[in-house]
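Structure assessment
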Amino acid sequence: MKRILFTTLLPLLLALLGATPARAVITIEITEGVEGAIPVAVVGFDMTQLPVPLKTDLASIITSDLNRSGLFKVLPESEYPQRPSQSRQVQYPLWKASGAEFLVIGRVLPREGGSYDVQFQFLDVLKRKQLLGYRFPVRARSLRATAHEISDLIYEKITGTRGAFNTRIAYISVVGKGKNKKYVLQVADTDGYNPQTILESDEPLMSPAWSPDGASLAYVSFENRRPEVFIQHLASARRSKMAGFKGLNNAPAWSPDGKKLALVLSKDGSPDIYVMDIATRKLRRITRHRAIDTEPVFTPDGKALIFTSDRSGSPQLYRIALSGGRPERLTFEGPYNAAPDVASDGKRLALLYGEQGRYRIAELDLEDSNLTVLTENRLDESPSFAPNGRMVLYATTRGNKGVLYMVSLDGRVQHKLSDQAGDVREPAWGPYKPLRTQ
Amino acid sequence: MKIRNLTIAFGLLFLAACQTQQSGEGMEPTTDTAQQTQDSGMAEPIAGGAETTQLGEEQLSARELLEQPDSPLSTRVIYFDFDSARVRDEFLPVLEAHGVFLAENGNVRVRLEGHADERGSREYNIGLGDRRAQSVRQILLFQGASSDQIETISYGEERPAVLGHDESAWSKNRRVEMVYDVQ
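Before going further, it helps to spend a moment on the pattern of salt bridges. All names here are of chain A. Inspection of every chain in the model, using the stated rule, returns 37 salt bridges over all chains. As a salt-bridge pair, E363 and R348 come within 2.7 Å of each other at their nearest N and O atoms. Here E363 is found in strand β24 (residues 358-365), whereas its partner R348 is found in strand β23 (residues 348-355), with 15 residues between them in sequence. Pair check on accessibility: E363 and R348 agree, each one buried.

Bringing the domain arrangement of chain A into the picture now. Residues and elements named next belong to chain A. Along its sequence, chain A is organised into domain 1 (3-20 + 168-429) and domain 2 (35-159). Between the C-alpha centres of domain 1 and domain 2 there is a distance of 34 Å. In this complex, domain 1 contributes 16 residues to the contact, which on the side of domain 2 involves 13 residues. Buried area between domain 1 and domain 2, both sides added, is near 1200 Å², and the carbon and sulfur share of it is 51%. Counting the contacts that link domain 1 with domain 2 gives 1 salt bridge. On inspection of domain 1 and its partner domain 2, the count reaches 5 residue pairs in polar contact (both at pLDDT 80 or more).

At the junction of the two partners, chain B supplies 33 residues and chain A supplies 39 residues. Here chain B packs against chain A, burying approximately 3000 Å² in sum over the two surfaces, 51% of which is carbon and sulfur. Taken as a group, R122, E123 and Y124 of chain B account for 23% of the area that chain B buries against chain A, more than any other trio of residues on that side. Summed over the shared surface of chain B and chain A, the result is 4 salt bridges. For E203 of chain A, the salt bridge identified is with R159 of chain B, shortest N-O distance 2.6 Å. Across the chain B-chain A interface, the total number found is 15 residue pairs in polar contact (both at pLDDT 80 or more). Within the residue set of the side of chain B that touches chain A, elements represented by two or more residues are α1 (11-25), β2 (109-115), α5 (122-142) and β3 (150-156) of chain B.

In this section: the packing of aromatic side chains. Summed over all chains, the structure comprises 14 aromatic pairs over all chains. Between the aromatic rings of Y219 of chain A and F230 of chain A, the centroid separation amounts to 5.9 Å while the plane-to-plane angle is 15 degrees, which identifies the pairing as stacked. Of this pair, Y219 of chain A sits in strand β11 (residues 216-221) while F230 of chain A sits in strand β12 (residues 228-233); the two residues are 11 residues apart in sequence, bridging distant segments of the chain. One exposure class covers both Y219 of chain A and F230 of chain A, and it is buried. Look at Y336 of chain A and Y124 of chain B: their rings are 5.9 Å apart centre to centre, the planes differ by 85 degrees, and that puts the pair in the edge-to-face class. With Y336 of chain A in strand β22 (residues 336-342) and Y124 of chain B in helix α5, this residue pair bridges two chains. You can call Y336 of chain A buried: its relative accessible area is 7%. Its end group placed over the ring of Y193 of chain A, R144 of chain A keeps NZ or CZ at 3.6 Å from the ring centre. R162 of chain A extends its terminal NZ or CZ atom over the ring of Y432 of chain A, reaching a point 4.0 Å from the ring centre.

Let's shift gears to the environment of R238 of chain A. All names here are of chain A. Summarising the element assignment, R238 is placed in the loop between β12 and β13 (239-243). For R238, a relative accessible area of 66% translates into the label exposed. R238 sits 108 residues away from G346 along the chain, and the two C-alpha atoms are 32 Å apart. Residues within four places of R238 in sequence aside, it is in contact with I231, Q232 and H233.

It is worth spelling out the nonpolar core at this point. Soluble globular proteins tend to bury their nonpolar side chains together. F45, W95, L103, V108, V118, F120 and I154 of chain A are the most contacted members of the largest nonpolar core, which has 57 residues in total. Ranked by residue count, the leading element in this core is helix α4 (residues 143-159) of chain A, at 6 residues. Viewed by domain, this core spans two of them, domain 1 (3-20 + 168-429) and domain 2 (35-159) of chain A, each represented by three or more residues. Residues in contact with V108 of chain A, not counting those within four places in the same chain, are F45, D46, M47, Q49, L50, L54, L58, Y116, D117 and V118 of chain A. Counting residues in hydrophobic clusters, the runner-up holds 28 residues, among them L66, A133, I139 and I150 of chain B.

What counts, and at which threshold
- Residues numbered from 1 in each chain as written.
- Chains lettered and ligands numbered in written order.
- Predicted model: local features only at pLDDT ≥ 70, side-chain atom pairs only at ≥ 80, totals over all residues.
- Heavy atoms only, no water.
- Salt bridge = Lys/Arg side-chain N within 4 Å of Asp/Glu carboxyl O.
- Helix = DSSP H or I, 4+ residues; strand = E, 2+ residues; numbered from the N terminus.
- Buried < 20%, exposed > 50% of the residue type's maximum accessible area, 1.4 Å probe, protein only.
- Domains from an automatic or database assignment.
- Contact = heavy atoms within 4.5 Å.
- Buried area = accessible area lost by both parts, 1.4 Å probe.
- Polar contact = N/O pair within 3.5 Å; in protein donor to acceptor, adjacent residues only side chain to side chain.
- Phe/Tyr/Trp six-rings, centres within 6.5 Å; stacked < 30°, edge-to-face > 60°.
- Lys NZ or Arg CZ within 6 Å of the ring centre and 35° of its normal.
- Core = buried A, V, L, I, M, F, W, Y, C linked by side-chain atoms within 4.5 Å.

Here it is in structure tokens:
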């Protein structure tokens with residue numbers, strides 16, 4: 001599903017070909033409207049049956065999700081020929097004339113005890129048939145999540161891949177100045193809404209990492225005036241210090257089974273990578289090198305780690321099998337490749353690519369070693385894949401402030417997250433939530 | 001990160017050069033010579049620059065010595081080049097003075113806080129700040145400071161001294177701060 005605009009790309013490509021030997025780096029022009037995106041109409045959900053209309057606009061949440069995916073282009077409401085809420089009201093020829101290929105309609109009905117029934121239908125305009133139809137019983141506080149769930153179902157119906165809109169992100173926000181400066185670890189919806197504070201500290205917080213079940217976060221805290229690794233259970237707010245050795249205790253990453261934590265420790269000299277069994281706290285040293293070895297991340301099969309090391313003289317990415325053996329270098333393009341994240345398919349990495357004083361987010365195809373630069377900024381960092389591997393969340397600088405962006409790999413749409421107070425950095429995209437049983 | 005052509009037959013500089021190779025290239029350093037130099041340096045501390053002579057004046061307390069405005073000890077921040085942990089030549093006399101001061105005041109402790117500029121990855125920058133703190137530590141040890149007097153920590157890019165997104169800010173943020181604890 002590549003929709004690269006070659007005409008706008010050509011000058012960029014030529015410039016890059018001159019600058020880089022070896023494999024070519026493809027830079028994708030940032031586009032807001034994506035050519036080839038599927039035109040969809042999302043009609044405002046009918047709330048006339050409710051005593052008081054909802055403040056949550058389900059259709060606009062779905063619209064924002066679908067646009068953000070880069071796969072869809074939601075048509076402006078002013079072009080809608082009618083406002084149906086059930087499929088029997090739909091006049092397909094009118095919608096076909098409007099240019100919409102698919103139609104999302106729905107309504108909200110009252111339920112006993114102050115909750116709601118959200119009904120939605122996803123219709124194929126050209127084939128004149130229903131592709132999806134659901135009814136969700138929902139409490140008021142779960143309305144936004146339900147809208148994201150609807151977006152997930154639509155995304156999956158079209159792509160065959162589960163959507164990742166109804167998931168959460170964690171990030172560090174820095175608020176206040178001087179002595180009132182606070183480091184805040186927060187969790188929010190993927191569109192930036194519903195931010196919740198997990199931990200607040202006067203000293204730096206770093207490197208949040210989600211447990212595979214989404215119930216806990218590992219992170220680095222300087223609260224004792226040096227970096228230490230903690231695990232915190234989100235619902236109970238209970239936490240334990242996992243590593244407080246002499247020197248660095250940094251860069252935690254969970255194994256796919258949630259039983260181990262990869263860490264960076266410098267207790268034995270320079271920063272090296274260790275794997276800790278969470279239950280027994282038994283440590284196993286994985287790398288042994290004078291270089292900086294850091295930012296480990298498990299491959300989805302749990303059998304290897306990918307990490308950053310400057311053992312070659314500059315930061316590059318390596319893979320090391322947990323069964324032993326020498327690390328294998330993965331990146332050769334450019335002088336600076338760091339901060340790896342592995343897609344759930346295990347075939348692609350998101351990374352921080354630095355060249356000529358610019359630090360941008362790139363995707364590395366592990367099968368053909370092709371590197372694709374995804375952003376056009378100067379100071380990006382901390383790429384994190386969506387659990388379906390179709391979007392990358394990252395931090396960048398706007399003015400004097402850190403902000404979070406997402407880039408879609410389906411259509412290269414760049415999307416800034418809303419509702420972020422403070423200087424925001426180090427986003428980590430959480431896992432899927434358990435599926436609702438229908 | 002290239003090793004400069006060092007022509008100065010000065011133990012301190014030699015050690016700094018070995019560190020550069022060690023940290024920058026990730027190779028085994030020339031351990032034997034480094035160790036020898038270090039050993040001979042320990043046995044016979046180098047009385048280098050003229051600045052160090054006043055440190056011997058016993059009438060001043062450790063705290064007073066640190067508060068002398070003209071003393072090299074008043075320089076407590078060491079700056080670094082981009083992606084480098086090599087101590088620049090201009091800071092060697094300063095670190096020499098700090099090392100001698102620590103050697104002569106065994107009850108004084110110092111905390112070396114390594115920092116990096118904002119560019120690149122945050123965890124890699126933690127490693128870089130650590131490496132900078134280790135470079136400074138090596139020089140202090142070489143001057144006779146004891147390892148239990150020195151604590152190192154890295155803040156990476158988390159605590160910039162100067163806000164800004166250009167070289168003038170970055171050059172102030174690539175640093176090691178020496179924080180003394182004088183009882």
